[in-house]
Each structure stands twice: as C-alpha cells, then as structure tokens.
Amino acid sequence: MSTWLKGVVKSISSGDRLVVVVETKHRKGKPLEKDITLSGVSAPQLGTFDGSRPSEPFAQEAREYMRRLLIGKPVIFKIDYAIPNSNRESATVYLDQRTNVAVAAIGAGWAKHRPPPAGKETQVPAHADMAAAGEKAK
C-alpha cells in the first residue's frame, strides 16, 4: 500500500493529468517528479501538436480549469496503482488536505467518473463521492 506524499503541482498535461514535484528530504540532484493521472477520472483529451488527432470538445477548458485550480499549489497524494506500459501512475490527489481534485473536476463538469480497472476497485476510496459529483453535475 502506498503512503501519502506531499508536493507542488508543476504542470497540467490535460484535464486529468498533472506533474507534481515531490517534497523529499536529503535528496541531491534533480527533484523527483511524478506524472500522475487522477484515479477514477476521464477528461476530454487534447489533440496532437501535428494535428493528426484533434482535441475532443472542451479539452482546452478542462485543462485550464485544472491549471487555475492547481498550478504552483501544494498537494498531498497517494499512488493508487501504476498504469501499464507507461511511466505514469494513477493517484488520489487532495488540494489543501480537504478538496479531492477528482471530485472537484467531476463536480465542475470538466471530467467524468471512470470506474477503476478490474481488481483495483478497493484501491481508490472516493468512487462513491465521484459518482455523486457526476450525477450532481449533469
């Protein structure tokens, strides 16, 4: 089971992905960065730079919502599971130790609740809150 970590949000890749600079002690060299996908969330995907895949509707707005909410702010997070065949991890993220970021994004209407992969259901505790926020946002 993963432990809770502290960090500061460095960048927002999309409405459901962020990069966090992890607070570490006694670490020399480059700071540890985590590329995180929010557990239980699916946001509209941004298109590619070369235009081969266009952005989904509201992808830019979803990313901008997350950017305004999180960029440069301290967060706490817990890795729920690794995403296969990638360098990313899925995590539960809290802003100000009270606001679940996934629930906030779903409640604001910029993301949808996504059930966890088979076998990972118990690793993501806030699914009921996410489902309720999704219903309220409809």
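Calculation notes
- Residues numbered from 1 in each chain as written.
- Predicted model: local features only at pLDDT ≥ 70, side-chain atom pairs only at ≥ 80, totals over all residues.
- Heavy atoms only, no water.
- 1 Å grid on protein atoms, 1.4 Å probe; cavity = no way out; pocket = protein on both sides within 12 Å on 5 of 7 lines; lining within 4 Å.
- Points joined across faces, edges and corners; volume = space filled by probe spheres on them.
- Nonpolar A, V, L, I, M, F, W, Y, C, P; charged D, E, K, R; others polar.
- Helix = DSSP H or I, 4+ residues; strand = E, 2+ residues; numbered from the N terminus.
- Contact = heavy atoms within 4.5 Å.
- Polar contact = N/O pair within 3.5 Å; in protein donor to acceptor, adjacent residues only side chain to side chain.
- Salt bridge = Lys/Arg side-chain N within 4 Å of Asp/Glu carboxyl O.
- Buried < 20%, exposed > 50% of the residue type's maximum accessible area, 1.4 Å probe, protein only.
- Core = buried A, V, L, I, M, F, W, Y, C linked by side-chain atoms within 4.5 Å.

**Digging into the layout of surface pockets**
Empty space among the atoms becomes apparent when a probe as large as a water molecule is rolled across them.
Then, in step 1: Taken as a whole, the second largest pocket encloses approximately 170 Å³ of empty space.
Then, in step 2: Around the second largest pocket, the lining residues are Ser13, Ser14, Asp16, Arg17, Thr37, Gln45, Leu46, Arg53, Ile83 and Arg88.
Then, in step 3: Looking at side-chain class alone, the lining of the second largest pocket contains two nonpolar, four polar and four charged residues.

**A closer look at the environment of serine 90**
Then, in step 1: Position of serine 90 relative to the elements: it lies in strand E6 (residues 89-95).
Then, in step 2: Here the alpha-carbon distance between serine 90 and arginine 17, two residues 73 residues apart in the chain, equals 9.1 Å.
Then, in step 3: If we skip the residues at most four places from it in the chain, serine 90 touches Thr37, Leu38, Ser39, Lys78, Ile79, Asp80, Tyr81 and Ile83.
Then, in step 4: Polar side-chain contacts of serine 90 include one of 3.5 Å to the backbone oxygen of threonine 37.
Then, in step 5: Within the local environment of serine 90, its side chain forms a polar contact with the side chain of serine 39, the two groups lying 2.7 Å apart.

**Some words on the pattern of salt bridges**
Then, in step 1: If you walk through the whole model with that rule in mind, you get six salt bridges.
Then, in step 2: Notably, a salt bridge pairs arginine 68 with glutamate 64, separated by 3.2 Å at the nearest N-O pair. Pair noted here: arginine 68 and glutamate 64 are both in helix H1 (residues 59-70), with a separation of four residues, about one helical turn.
Then, in step 3: Residue arginine 68 is classed as exposed on the basis of its relative accessible area, which comes to 62%.
Then, in step 4: The exposure class of glutamate 64 is partly exposed, given its relative accessible area of 25%.

**A few points about unusual backbone geometry**
Then, in step 1: The backbone of phenylalanine 58 shows a phi angle near 70 degrees, a positive value even though the residue is not glycine.
Then, in step 2: Within the secondary structure layout, phenylalanine 58 lies in the loop between strand E4 (41-42) and H1.
Then, in step 3: Residue classification places phenylalanine 58 among the exposed positions, given a relative accessible area of 54%.

**So, the nonpolar core**
Then, in step 1: Residues Leu18, Leu70, Val75, Phe77, Val93 and Val101 are the most contacted members of the largest nonpolar core, which totals 24 residues.
Then, in step 2: At the level of elements, strand E1 (5-14), strand E2 (17-22), strand E3 (33-38), H1, strand E5 (74-82), E6 and helix H2 (101-107) are the ones that each hand at least two residues to this core.
Then, in step 3: Contact partners of valine 93, with chain neighbours within four places excluded, come to Ile36, Leu38, Val75, Ile76, Phe77, Thr99, Asn100 and Val101.

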